[in-house]
Amino acid sequence: PQMAADEQLRRKLLPEDWKWCLVRGKDAFGQGTSTDPLSTENTLKKVNSKRHRQTGLGVVTGDASNGLVAVDIDGPLAEEAFKKILGESWPATLTPGTMSWRGRPGRRQLLYQIPPGIRPLLGKFTKEQMVPELKGTDDEVCIRYNGCYSVIPGSRHPDTGKPYEWIDRHNGEPALAPGWLVNFMMESGKAQEVHSFLRFRLAKLDKA
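Owing to the predicted nature of the structure, the values given are computational and were not obtained by experimental measurement.

Undergrad: Explain the environment of threonine 43 to me, using residue names and the numbers behind them.
TA: By secondary structure assignment, the location of threonine 43 is in helix H2 (residues 40-49). When its relative accessible area of 0% is taken as the criterion, threonine 43 is described as buried. Considered as a pair, threonine 43 and aspartate 6 are 37 residues apart in the sequence and their alpha carbons are 8.3 Å apart. With near-sequence residues (within four places) excluded, threonine 43 lies in contact with Leu9, Trp20, Leu22, Leu38 and Leu57. Within the structure, the side chain of threonine 43 is placed 2.7 Å from the backbone oxygen of serine 39, a separation counted as a polar contact.

Okay, here's the thing in structure tokens:
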């Protein structure tokens, strides 16, 4: 459903164990931040008391929300490069197989969950560009994990003034992170000592 972000929390349409921050535009403010997030209960209390200040909510990614990881595909060049890199594993625009939303045309965000057994290996991963060739351009494919957050649908976009909207709610639950994503995070996070032992397992995730 396309409704206000806080209303989705009130109706329990999103996981209650996720952690949150209030946002104005894309910026967190007040107590709830990526390093000091709010529970769902406290978020709703804050929303009620600061209704005229916040423009939406951000879900805190990483360990705070049980391994949430966001893939931000920002722009047509980014989408093209993303598709080229992943080939058959590319999550289709309208049927990505996990939670997905957009703030503007030609941009989208995907949300996945890291399997519990792999989370301890990714504790130092914060964010990383997946396509180095796009650095210095307006386009990017950015993977965000610990110390980050993503503004969710129902929040107002600072440029358009319109709400971020769902592409696929995926029944309110993110899919497990596919092998290509975990593999990238492992390599970027310098977890080389265990990486070789996980290649076969991660390949099976992609085929699942």
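Moving on from the coordinates now.
Undergrad: Outline helix H3 (residues 76-86), supporting the account with residue identities and numerical values.
TA: Among the residues making up H3, those that are buried are Ala78, Glu79, Ala81, Phe82 and Leu86. One face of H3 carries all of its buried residues, which in axial projection span an arc of 165 degrees. Seen from the open side of H3, the exposed residues pointing more than 90 degrees away from its buried face are Pro76, Glu80 and Lys84. Considering only its buried residues, H3 is in contact with strand S4 (68-74), strand S6 (107-113), strand S8 (140-144) and helix H4 (179-188). Among the residues trailing H3, glycine 87 stands out with phi positive, at a value near 60 degrees.

Undergrad: Kindly report on the nonpolar core, identifying the contributing residues and their values.
TA: Among the nonpolar cores identified, the biggest contains 28 residues, and Val71, Phe82 and Met185 are the most heavily contacted of them. Going through the elements one at a time, S4, H3, S6, S8 and H4 are the ones with two or more residues in this core. For this core, the element with the most residues is H4, which contributes 6 residues. Not counting chain neighbours up to four residues away, the residues in contact with valine 71 comprise Phe82, Arg108, Gln109, Leu110, Tyr112, Val141, Cys142, Ile143, Trp180 and Leu181. With 22 residues, the next largest nonpolar core counts Cys21, Ala70, Tyr164 and Trp166 among its residues.

Each value, and the rule that gives it
- In this numbering scheme, every chain counts its residues from 1 along its sequence in written order.
- In keeping with the predicted nature of the model, local features appear solely for residues at pLDDT of at least 70, side-chain atom pairs appear and are counted solely at 80 or more, and the whole-chain, interface and lining totals rest on all residues.
- With hydrogens and water excluded, all non-hydrogen atoms of the structure serve as input to the side-chain values.
- In this description a helix means any DSSP run of H or I spanning at least four residues, a strand means any run of E spanning at least two, and both kinds are numbered starting from the N terminus.
- Relative accessible area decides the class of each residue, using a 1.4 Å probe on protein chains only: under 20% of the type maximum gives buried, over 50% gives exposed, and in between gives partly exposed.
- We call two residues contacting when some pair of their heavy atoms lies within 4.5 Å.
- Nitrogen and oxygen atoms within 3.5 Å of one another constitute a polar contact, given that in protein one can donate a hydrogen and the other can accept it, and given that sequence-neighbouring residues count only through two side-chain atoms.
- Comment: arc refers to directions from the helix axis out to C-beta atoms.
- The definition of a nonpolar core used throughout is a set of buried Ala, Val, Leu, Ile, Met, Phe, Trp, Tyr and Cys residues joined through side-chain atoms within 4.5 Å.

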